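Residue strings, one per chain:
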Amino acid sequence: MILFPAGREFMLNGLSSSIRRLRRGAGELAQRRLREAEALRHSGSASAGALGDFLRRHYLLCAGGIALLFLPPLLAIVLGSRSTLSGYETSTREVNTQVAELLQGEQLVPPPPLPPLVFAQAQAEVAQERPMLVTASRDWGMMHAEYTQRLLMVFKIMKEKYGYDMAILEGYRSPERQNRLAAMGSSVTSAAAYQSWHQYGLAADCAFLRDGKLVITEKDPWAMRGYQLYGEVAESMGLTWGGRWKMMDFGHTELRLPGVMKRKE
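Worth saying up front: this structure is predicted, and the values here are computed from it rather than measured.

Student: Could you clarify how one ought to interpret the overall build of the protein chain in this entry?
Tutor: Within the protein chain, the secondary structure is distributed over 7 helices and 5 strands. Along the chain direction, N to C, the helices and strands of the protein chain fall in the order α-α-α-α-α-β-α-β-β-α-β-β. Relative to its 265 residues, the protein chain shows a buried fraction of 32%. Looking at the protein chain alone, contacts between residues at least 24 apart form 66% of all its contacts between residues at least 6 apart. When the accessible surface of the protein chain is split by element, carbon and sulfur atoms take 61% of a total near 17,100 Å².

Structure follows, in structure tokens:
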């Protein structure tokens, strides 16, 4: 058919007809897509307008819904980010409500300072466990007021209920002194400057007075019994007691106020 003129004409006519049909179909398809896109655009605009009208009419309801949606995770993030000092066991005991009520109304006064000779005599007995005891600060005024009141209440209960007179060995401790003690080894302290609550006035080391002398050693059964009672009373006041740590420090208590000390790295 290609060799004869009539055949070629027949094939060319058929091909032209096919091309025209394809063009016509493509044009119709393009028009249909344009109409659909236009309809979708109008529909989207109408939906957006309807949504805007709804939000304007019910803005209080929408705001409440958004708050309910985002408030629980925000609370979880805030509460979960509170800083705590790692490496120590935190007491889980609840504060004695009766004692807490006493704290609200009664402002206790620190006892008069003991003569320096009392600490010099004790230093000779506990030089390894309590180095530099003589030069330690026992100034109640340099300690945090809230911690001071709780500790004084512990002293009062120990005296009136159990017959133990107590004395403070060291309260506030400067960062320089903390580093000097840390340099003496982990048997003294493993905390460097600003890793101890002493630097914030929120910790103290305490011991017992018997016949005018300090009794610090745990080898004394009377003192050991006192330390156990001291720990129980301190924890009932919401304090953390060092007697529960792996490296036990029976005379140590601290008040871990949130946001004061950053987490140890």
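Student: What should I look at first to understand the packing of aromatic side chains in this one?
Tutor: The description of two aromatic rings rests on the distance between their centres and on the angle between their planes. Overall, the coordinates contain 9 aromatic pairs when judged by the stated rule. For the ring pair Tyr 164 and Trp 222, a centre distance of 4.7 Å and an interplane angle of 25° mean the geometry is stacked. Taken together, the residues span a long stretch of sequence, with Tyr 164 in the loop between α5 (145-162) and β1 (165-170) and Trp 222 in helix α7 (residues 221-236) at a distance of 58 residues. Grouped by ring-pair contacts, the aromatic residues Tyr 164, Phe 208, Trp 222, Tyr 227, Trp 241 and Phe 250 constitute a single cluster. The ring of Phe 119 has Arg 138 sitting right over it, with the charged end atom 3.5 Å from the ring centre.

Student: Whenever I open this one, the packing of α5 against α7 confuses me. Can you help?
Tutor: Describing two packed helices takes the angle between their axes plus the distance from one axis to the other. For the pair α5 and α7, the least separation of the axes is 10 Å and the interaxial angle reads 130°. For the element pair α5 / α7, the angle class is oblique. Every pair of crossing elements has a handedness; the one defined by α5 and α7 is right-handed. The residues of α7 that touch α5, namely those facing Leu 151, Val 154, Ile 157, Met 158 and Tyr 162, are Gly 226, Leu 229, Tyr 230, Val 233 and Ala 234. Its residues assigned to classes, the contact of α5 with α7 comprises 9 nonpolar, 1 polar and no charged.

Student: What is the right way to read the pattern of salt bridges from this model?
Tutor: Pairing between side chains becomes possible if they bear opposite charge and their charged atoms approach one another. Going through the model one piece at a time under the given rule, you end up with 10 salt bridges. A salt bridge links Arg 130 to Asp 205; the nearest nitrogen and oxygen atoms lie 3.2 Å apart. One end of the pair, Arg 130, is in the loop between α4 (116-125) and α5; the other, Asp 205, is in strand β2 (residues 203-210), with 75 residues separating them in the sequence. Given the relative accessible area of 16%, Arg 130 is considered buried.

Student: Sorry, what's going on with the side chain of Thr 189 here?
Tutor: Among the structural elements, Thr 189 can be located in the loop between α6 (175-182) and β2. With a relative accessible area of 14%, Thr 189 lands in the buried category. Engagement of the side chain of Thr 189 in a polar contact is seen with the backbone nitrogen of Ala 191, the distance being 3.2 Å.

Student: Would you take a moment to explain the environment of Gly 243 for this structure?
Tutor: By the secondary structure assignment, Gly 243 is in the loop between β4 (240-241) and β5 (252-254). Along the primary structure Gly 243 and Thr 253 are separated by 10 residues, whereas in three dimensions their C-alpha atoms are 8.7 Å apart. Each residue touching Gly 243, except ones within four places of it in the same chain, is listed here: Met 248, Asp 249 and Phe 250.

Each value, and the rule that gives it
- Residues numbered from 1 in each chain as written.
- Predicted model: local features only at pLDDT ≥ 70, side-chain atom pairs only at ≥ 80, totals over all residues.
- Heavy atoms only, no water.
- Helix = DSSP H or I, 4+ residues; strand = E, 2+ residues; numbered from the N terminus.
- Buried < 20%, exposed > 50% of the residue type's maximum accessible area, 1.4 Å probe, protein only.
- Contact = heavy atoms within 4.5 Å.
- Areas by Shrake-Rupley, 256 points an atom, 1.4 Å probe, with all protein chains shown as cover.
- Phe/Tyr/Trp six-rings, centres within 6.5 Å; stacked < 30°, edge-to-face > 60°.
- Lys NZ or Arg CZ within 6 Å of the ring centre and 35° of its normal.
- Axes fitted to C-alpha atoms, helices over the stretch in contact; angles between N-to-C directions.
- Parallel < 35°, antiparallel > 145°, perpendicular 65-115°, else oblique.
- Left-handed = near helix turned anticlockwise from the far one by under 90°.
- Nonpolar A, V, L, I, M, F, W, Y, C, P; charged D, E, K, R; others polar.
- Salt bridge = Lys/Arg side-chain N within 4 Å of Asp/Glu carboxyl O.
- Polar contact = N/O pair within 3.5 Å; in protein donor to acceptor, adjacent residues only side chain to side chain.

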